[in-house]
Amino acid sequence: MEIKECIEGRRSIRKFNGAPISRADIEEIVKAGQCAPSWKNSQTARYYVALSPEAVERVNACLPDFNAERTQGVGAYIVTTVSKGQSGCNSDGEYFSHLGNGYECFDNGLAVENIALYAHSLGYCTLIMGLFDEGALRSYLGVPSGEDIVVVIAIGKTDKKPRMPERKPLDEVLKIF
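As the structure is a computational prediction, the values presented were derived from the model and not from experiment.

Bringing the overall build of the protein into the picture now. In terms of helices and strands, the protein carries seven helices and four strands. From first element to last, N terminus to C terminus, the protein shows the α and β order α-α-β-α-α-β-α-β-α-β-α. Against the globule reference of 16 Å for 177 residues, the protein gives a C-alpha radius of gyration of 17 Å, in line with a compact fold. The principal-axis extent of the C-alpha atoms belonging to the protein is close to 50 × 45 × 30 Å.

Glancing now at the packing of helix H3 (residues 53-60) against helix H6 (residues 134-141). The N-to-C vectors of H3 and H6 enclose an angle of 155 degrees; their axes lie 10 Å apart at closest approach. Relative to H6, the element H3 lies roughly antiparallel. Residue-level contacts link Ala55, Arg58 and Val59 of H3 to Leu137, Tyr140 and Leu141 of H6. Classifying every residue of the contact of H3 with H6 by side-chain character gives five nonpolar, no polar and one charged.

Scanning the model with the defined rule gives five salt bridges in all. For Glu27, the salt bridge goes to Arg23, with nearest N and O atoms at 2.9 Å. Of this pair, Glu27 and Arg23 both sit in helix H2 (residues 23-34), four residues apart, which is roughly one turn of the helix. Across the pair Arg138 and Glu134 runs a salt bridge, and its minimum N-O distance is 2.7 Å. One end of the pair is Arg138 and the other is Glu134, both in helix H6 and four residues apart, which spans about a single turn.

Moving on to the nonpolar core. Core analysis: the largest hydrophobic core is formed by 23 residues, its most contacted members being Tyr77, Leu137 and Val152. Broken down by secondary-structure element, the contributors of at least two residues to this core are strand E1 (45-50), H3, strand E2 (76-83), strand E3 (125-129), H6 and strand E4 (147-156).

A separate point is H2. Given a rise of 1.5 Å per residue, 12 residues ought to cover 16 Å, and the 16 Å separating the end C-alpha atoms of H2 matches this to within 8%. Every buried residue of H2 is accounted for by Ile26, Ile29, Val30, Ala32 and Gly33. Looking straight down H2, one finds its buried side chains confined to an arc of 150 degrees; they lie on one side. Summarising the contacts, the buried residues of H2 are in contact with E1, E2, helix H5 (102-121) and E4.

Before going further, it helps to spend a moment on the state of the cysteines. Working definition: the covalent bond between the sulfur atoms of two cysteines is a disulfide. If you walk through the whole model with that rule in mind, you get zero disulfides. Free of any disulfide, Cys125 has its nearest neighbouring cysteine sulfur in Cys6, separated by 11 Å.

In this section: the side chain of Asn108. Within the secondary structure layout, Asn108 lies in helix H5. Beyond its immediate sequence surroundings of up to four residues, Asn108 is in contact with Ala45, Thr80, Thr81, Val82, Val150 and Val151.

Attention shifts here to the confidence of the model for the protein. Here the protein averages 92 in pLDDT, and 100% of its residues register 70 or above. Across the protein, the secondary-structure element scoring lowest on mean pLDDT is helix H1 (residues 3-9), at 88, and the one scoring highest is H2, at 98.

Cut-offs applied
- Residues numbered from 1 in each chain as written.
- Predicted model: local features only at pLDDT ≥ 70, side-chain atom pairs only at ≥ 80, totals over all residues.
- Heavy atoms only, no water.
- Helix = DSSP H or I, 4+ residues; strand = E, 2+ residues; numbered from the N terminus.
- Rg over C-alpha atoms; globule rule 2.2 N^0.38 Å.
- Axes fitted to C-alpha atoms, helices over the stretch in contact; angles between N-to-C directions.
- Parallel < 35°, antiparallel > 145°, perpendicular 65-115°, else oblique.
- Contact = heavy atoms within 4.5 Å.
- Nonpolar A, V, L, I, M, F, W, Y, C, P; charged D, E, K, R; others polar.
- Salt bridge = Lys/Arg side-chain N within 4 Å of Asp/Glu carboxyl O.
- Core = buried A, V, L, I, M, F, W, Y, C linked by side-chain atoms within 4.5 Å.
- Buried < 20%, exposed > 50% of the residue type's maximum accessible area, 1.4 Å probe, protein only.
- Expected span 1.5 Å × (residues − 1).
- Arc of directions from axis to C-beta.
- Disulfide = S-S within 2.5 Å.
- pLDDT = per-residue confidence, 0-100.

In structure tokens:
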């Protein structure tokens, strides 16, 4: 699949068909996330995967009802976190980017995009969610206090082929000087 086709073809899916995902595919998808650039190659993204039906149900229980309903039939969840105090920081852990700790989430977003695109290239669909019960998810997955949970990615297969939502006109988002 060509990169432009992959970018334009990836969609946020809200109805999965229950098809399983292999551990090997999950590992390849996470490796794609690891290839994302990061501040000083700090590689602060961490990945927690719910792959077994029991683990998927436990993560599903940490989602608000509207997202839990949208992700019925999901094959797996990939929960991404950032290891705090490394991205956008000097060697003493002091933030010196004008974004403060915002660079951690920027780096994580790059990894998440790689995950979503690579999953799509393998025939999987994703839904990236930022709303969840952080305490319950942290407790279940054993996420240490030095990491912040950023997103939960539902990944699976679908029988639907949604169309691309309209994009804003280019002249509304692009300024060339």
